[in-house]
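Chains, contacts and geometry: an overview
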Amino acid sequence: MKLLSFRYEGKEAFGPKVKKEEAVWDVLKIQEELEVLPSFPAQLIEGLSQGVEFVEQIRKLSDAAAQSETPDEYKHSFSDIEWLAPIPRTPKNVICVGKNYAEHAREMGAEAPVDLVVFTKSPAAIAADEETVPVHSELTDAYDYEGELAVVIGKGGSAIPKQMAYDHVFGYTIANDMTARDLQSKHQQFFLGKSLMKSCPMGPYIVTKDEIPESQNLSIVTKVNEEIRQNGNTGDMIRRVDDLISEISKYTPLEPGDVILTGTPAGVGKGFNPPKFLKAGDTVKISIESIGTLVTHLS
């Protein structure tokens, strides 16, 4: 199932993509008017901890609308909605993994790290698919892109055993870990250079984990103005998704709605000679197999 968050006529909502249509079922409206279920979460993030049960509730609502006398009343064309990030605001900072692809580590002038590298981005940095975001030329002249597989946590927990890690995954989305390289160097830490406004586009969907049984064999392609910059595969990760969940949860509890960015393949702007940093007017497209394409416009 592909789930998206959106705004329609001023109201925030969520729902699944309609099969074979460029449209979304408005499950909150379906529940309100058809009263299919005894209760239903008002926000997507509230239902994540229910896992499969939540997905089944959404299916029941969608099926009820499809079988109603006026199914078109309960779905919206993509052209009529304002897209939001699938998780418009995470419960805490977005969790990011650094140098998780050996070739990327080398292009950054380093060897693959022995220990896990983790930093965070502010939730205020989250942006949506097809959103136009600032290039922040007043703060940086080294703004970069990083296409990444993002893991959406459903079931929270601490010190999660590796063999149980996928039980805590609700699904997957795409993220662009946009980075001011010069600010990273200037401040000698990652937070400010990683948390500029709208520097964490995510989307377009959360794809539930049942549709991606093997998260470690997905192609990742990043294009800037249709030029292929990154062409990698999640199979090249140094630490797999289950490794990351297990290791991170040793130090900080994971919560429903947490998002883990799993690292980026080689081909970032800084890795070129000379560097190819982003500028106003650029468009970045990140495609991950089985999920879709996240599009970001720079202004």
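Read on for an overview of the structure. Everything numeric here is computed off the predicted structure, so don't read it as measured data.

Topic: the packing of helix H1 (residues 27-34) against helix H3 (residues 52-66)
Look at H1 against H3: their axes get within 9 Å of each other, and the N-to-C directions meet at 70°. Here H3 runs roughly perpendicular to H1, going by the angle between their axes. For the pair H1 and H3, the crossing hand works out as left-handed. Taking contact as the criterion, the partners of Val27, Ile30, Gln31 and Leu34 in H1 are, on H3, Ile58, Leu61, Ser62, Ala64 and Ala65. For the contact of H1 with H3, the class distribution of residues is seven nonpolar, two polar and no charged.

So, the sheet that holds strand E9 (residues 131-133)
Read from one edge to the other, the open sheet built from five strands follows the order E9-E19-E18-E15-E16, with strand pairing classed as mixed. Of all the strands in the sheet, just E9 and strand E16 (227-233) have a single pairing partner and so form its edges. The mean inter-strand angle of the sheet, taken between neighbouring strand axes irrespective of direction, is 20°. When strand E15 (residues 219-224) meets strand E18 (residues 283-288), the two strands line up antiparallel, connected through five bridges. In the sheet register, Val221 faces E18, and the bridge partner there is Ser287.

Observations concerning the packing of aromatic side chains
Under the defined criterion, the tally for this structure stands at seven aromatic pairs. Ring centres 4.8 Å apart and planes at 65° place the aromatic pair Phe78 and Trp83 in the edge-to-face group. For the pair Phe78 and Trp83, a shared accessibility class is recorded, and that class is buried. Here the aromatic rings of Trp83 and Tyr205 are separated by 5.8 Å at their centres, their planes lie at 70°, and the arrangement is edge-to-face. Separated by 122 residues along the polypeptide, Trp83 in strand E5 (residues 82-84) and Tyr205 in strand E14 (residues 200-208) bring together distant segments of the chain. Tyr205 sits in the buried class, given a relative accessible area of 8%. Taken together, the ring pairs connect Phe14, Phe40, Phe54 and Phe170 into an aromatic cluster.

Structural notes on unusual backbone geometry
Pro204 follows Gly203 through a cis peptide bond whose omega is -5°. For Pro204, the location among the structural elements is in strand E14. Its identity is not glycine, yet Glu130 carries a phi of approximately 65°, on the positive side. Here Glu130 shows up in the loop between strand E8 (126-127) and E9. Unlike most non-glycine residues, Gln188 shows phi in positive territory, near 60°. With respect to the helices and strands, Gln188 occurs in the loop between helix H5 (181-187) and helix H6 (191-194). Looking at Gln188, the relative accessible area reads 72%, which means it is exposed.

Thoughts on the environment of Glu211
Mapped onto the elements of the fold, Glu211 is located in the loop between E14 and E15. Considering only alpha carbons, one finds Glu211 and Leu192, 19 residues apart in sequence, at a separation of 35 Å.

Section: the pairing of E15
Consecutive side chains along a regular strand alternate between the two faces of the sheet. Sheet analysis places E15 next to E16, joined by six bridges and oriented antiparallel. Each residue of the ladder has a partner; that of Ile220, found in E16, is Gly232. Taken together, E15 and the strand that follows it, E16, pair antiparallel across an intervening segment of two residues, in which Asn225 is found at a positive phi of about 55°.

Analysis parameters
Residues numbered from 1 in each chain as written. Predicted model: local features only at pLDDT ≥ 70, side-chain atom pairs only at ≥ 80, totals over all residues. Heavy atoms only, no water. Axes fitted to C-alpha atoms, helices over the stretch in contact; angles between N-to-C directions. Helix = DSSP H or I, 4+ residues; strand = E, 2+ residues; numbered from the N terminus. Parallel < 35°, antiparallel > 145°, perpendicular 65-115°, else oblique. Left-handed = near helix turned anticlockwise from the far one by under 90°. Contact = heavy atoms within 4.5 Å. Nonpolar A, V, L, I, M, F, W, Y, C, P; charged D, E, K, R; others polar. Pairing = 2+ DSSP bridges. Phe/Tyr/Trp six-rings, centres within 6.5 Å; stacked < 30°, edge-to-face > 60°. Buried < 20%, exposed > 50% of the residue type's maximum accessible area, 1.4 Å probe, protein only.

Distances and angles like these do not, on their own, reveal function.
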